[in-house]
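# Geometric and topological summary
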Amino acid sequence: MSQTLIKNIGLLVTNNAEVDGTPLGLISNAGLLIEHGKVKWIGASESAPSAEKTIDASGKCVIPGFVDSHNHLIFAGDRSKEFAARMAGQKYEAGGIAYTVELTRKASDGDLLSNAQRLQHEALHSGSTTIEIKSGYGLTVKDEVRSLLIAKQLTPETTFLGAHVVPSEYKDKSDDYVDLVCGAMLTEVKPHAKWIDVFCDRGAFTTEQARKVLKAGITAGLKPRLHANQLEQGDGVALGVELDAASVDHVSHFNQSDIEKLAGSKTVATLLPGAEFSTRSAYPDARKLLDAGVTVALAADCNPGSSYTTNMPLIIALAVREMFMSPEQALWSATKGGAQALRRSDVGHLSVGANADFVILKESSYIHLAYRPGVNLVDEVWQHGAKI
Ligand code: NIG
Ligand code: FE
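Please read all numbers here as calculations on a predicted model, not as lab measurements.

### What about the overall build of the protein chain?
- When you go through the protein chain residue by residue, the secondary structure sums to 13 helices and 17 strands.
- Compactness check: the protein chain gives a C-alpha radius of gyration of 21 Å against a globular reference of 21 Å for 388 residues, within 12% of the reference.
- Expressed along its principal axes, the backbone C-alpha trace of the protein chain runs to roughly 70 × 45 × 45 Å.
- Out of the 388 residues in the protein chain, the part that is buried amounts to 55%.

Have a look at this one:
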């Protein structure tokens, strides 16, 4: 029986509210026992059972691995010039996606895989032990299939985003493209995708088109989630709640009715402050959602256009500084919130039986994730009970 004990953890974040009555479920001077990739025991370090192997955390803080529930890693090229133009005052529009589609279609499978592996490696080494990956820069049957085949090699959380934008060959024929997405494209991709997504916003798809895409996906056995209200107030959030989507993502704009609908549902609001940062847009006030009882997740939204980062500690720092979340709320949203946005109960927390996915920080507190922005505070990352 291979057991490893992490002892002398200055502060252990379990995300199990039963531990101390708070969402983070904190234990000071803790021990964590791992067996077969799972958490076997948690408690006071001095009463920890002995194990074959013991690691001394020397008073540092241990948190669950980040669950990053929203990423677009299958693409070629970058859009650094578009970013620079935006910083000089240009507005972000959905249309920039077309440039990445052009380069992605031309790229080889090997190049797409190695680019995605590079980004996954970055994410893992910054503490993201679970990531979701979308297609959406192929937008032909063949290119969406190969995007998902690549994504599937990197994560079980694969999402079909054929309805990202209307590709140029379908200009002024968006309904025909929606028919392709709901028909032949869906049939071919469905063995490789767990989720169906759609970009419901200005310059992308209307609410009616988004409903059609999501319903077709649900009928095909995929689970719904969507990009909603990034660029303007719309009906995307309401649509997500109506269809019991696991998550509505971006939610940069919302009204009172959206708040009430979300609060009365199981749908998570996934905020993506990296996109507000990189498009120089107004950040949503997360407190309005949290105060109403909405479940909030945080994700990186790594993509070459609106948020080219894989770094969840940066996302936490932005959420605390710019979206008025407390360090506790931001950490919870980047871990257990992300797990709920993927409807996963085995990750995002460190209770007995959960996956032993965790991060040993270089500091004694998780507050430092926001307090020391831009500094690498990740000492060790453990995934499925092994140090990576
Ligand atoms: O989540 N909003 C839509 N899709 C991406 C952006 C894609 C791009 O600009 O390439 C996002 O921000
Ligand atoms: Fe996105």
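### Quick notes on the pairing of strand 8 (residues 157–163)
- With seven of seven residues buried, strand 8 lies mostly within the body of the structure.
- Pairing geometry for strand 7 (residues 128–134) and strand 8, over three bridges, is parallel. Bridge assignment links lysine 134 to a residue of strand 8, and that residue is threonine 159.
- In this sheet, strand 9 (residues 195–200) lies alongside strand 8 in parallel orientation, the contact comprising three bridges.

### Remarks on the site of ligand 1
- The immediate surroundings of ligand 1 are formed by 14 residues, with Ile97, Phe199, Asn303, Gly305 and Ser306 found nearest.
- For the shell around ligand 1, the residue count by class is four nonpolar, nine polar and one charged.

### Things to note about helix 3 (residues 109–125)
- With 17 residues, helix 3 ought to run about 24 Å at 1.5 Å a step, and its terminal C-alpha atoms sit 24 Å apart, in line with that.
- Within the sequence span of helix 3, burial applies to Leu112, Asn115, Ala116, Leu119, Gln120 and Ala123. Buried residues in helix 3, looked at end-on, bunch into an arc of 135 degrees, giving them a common side. Exposed residues lying more than 90 degrees from the buried face of helix 3 are Gly110, Ser114 and Arg118.
- Turning to helix 3, the residues buried within the fold contact strand 6 (66–68), helix 2 (97–106), strand 7 and helix 4 (141–154).
- Remark: glycine 127 follows helix 3 within two positions and exhibits a positive phi of approximately 105 degrees.

### Structural notes on the nonpolar core
- In terms of nonpolar packing, the biggest core is built from 121 residues, with Leu12, Leu32, Val62, Val213, Ile316, Ala319 and Leu331 touching the most fellow members.
- The residue makeup of this core includes at least three contributed by each of domain 1 (3–65 + 349–387) and domain 2 (66–341).
- Not counting residues up to four positions away in its chain, the partners in contact with leucine 32 are Ile6, Ile9, Leu12, Val39, Ile42, Val62 and Leu350.

### A word on the domain arrangement of the protein chain
- What the domain assignment reports for the protein chain is domain 1 (3–65 + 349–387) and domain 2 (66–341).
- The C-alpha centroid of domain 2 is placed 30 Å from the C-alpha centroid of domain 1.
- Across the contact, 19 residues belong to domain 1 and 21 residues belong to domain 2.
- Mapped by element, the contributors of at least two residues to the side of domain 1 that touches domain 2 are strand 5 (61–64), helix 13 (368–371) and strand 16 (378–383).
- The dominant element in the side of domain 1 that touches domain 2, judged by the number of residues it contributes, is strand 16, at three residues.
- Considered class by class, the residues forming the side of domain 1 that touches domain 2 number 14 nonpolar, four polar and one charged.

### Comments concerning the packing of helix 3 against helix 4
- Remark: helix 3 packs on helix 4, axes separated minimally by 10 Å, with the N-to-C direction vectors making an angle of 40 degrees. Like other packed secondary-structure pairs, helix 3 and helix 4 cross with a definite hand, here right-handed. Counting all contacts with helix 3, which are made through Asp109, Leu112, Leu113, Ala116, Gln117 and Gln120, the residues of helix 4 involved are Arg146, Ile150, Gln153 and Leu154.

### Topic: helix 11 (residues 312–322)
- For helix 11, the buried fraction is high: eight of the 11 residues fall into the buried class.
- Looking only at helix 11, the buried set comprises Met312, Pro313, Ile315, Ile316, Ala317, Leu318, Ala319 and Val320.
- Once helix 11 finishes, phenylalanine 324 follows within two positions and takes phi at roughly 65 degrees, a positive value.

### A short note on the pairing of strand 13 (residues 268–271)
- Of the two faces of strand 13, the one carrying Val268 and Thr270 and the one carrying Ala269 and Leu271 are both buried.
- Two elements, strand 12 (residues 247–250) and strand 13, share three bridges in a ladder whose sense is parallel. Residue aspartate 249 lies in a different strand from strand 13, and its bridge partner there is threonine 270.
- You can see the chain leave strand 12, run along helix 8 (residues 256–263) and come back into strand 13, and the turn it takes is right-handed.
- Relative to strand 14 (residues 296–298), strand 13 runs parallel, the two being bridged by three bridges. The residue bridging leucine 271 from the neighbouring strand is leucine 298, located in strand 14.

About the thresholds
Residues numbered from 1 in each chain as written. Chains lettered and ligands numbered in written order. Predicted model: local features only at pLDDT ≥ 70, side-chain atom pairs only at ≥ 80, totals over all residues. Helix = DSSP H or I, 4+ residues; strand = E, 2+ residues; numbered from the N terminus. Rg over C-alpha atoms; globule rule 2.2 N^0.38 Å. Buried ≥ 20, exposed ≤ 12 C-beta atoms within 10 Å, placed from the backbone. Pairing = 2+ DSSP bridges. Near = placed C-beta within 6 Å. Nonpolar A, V, L, I, M, F, W, Y, C, P; charged D, E, K, R; others polar. Expected span 1.5 Å × (residues − 1). Arc of directions from axis to C-beta. Contact = placed C-beta atoms within 7 Å. Core = buried A, V, L, I, M, F, W, Y, C linked by C-beta atoms within 7 Å. Domains from an automatic or database assignment. Axes fitted to C-alpha atoms, helices over the stretch in contact; angles between N-to-C directions. Left-handed = near helix turned anticlockwise from the far one by under 90°. Right-handed = clockwise from strand over helix to strand, strands pointing away.

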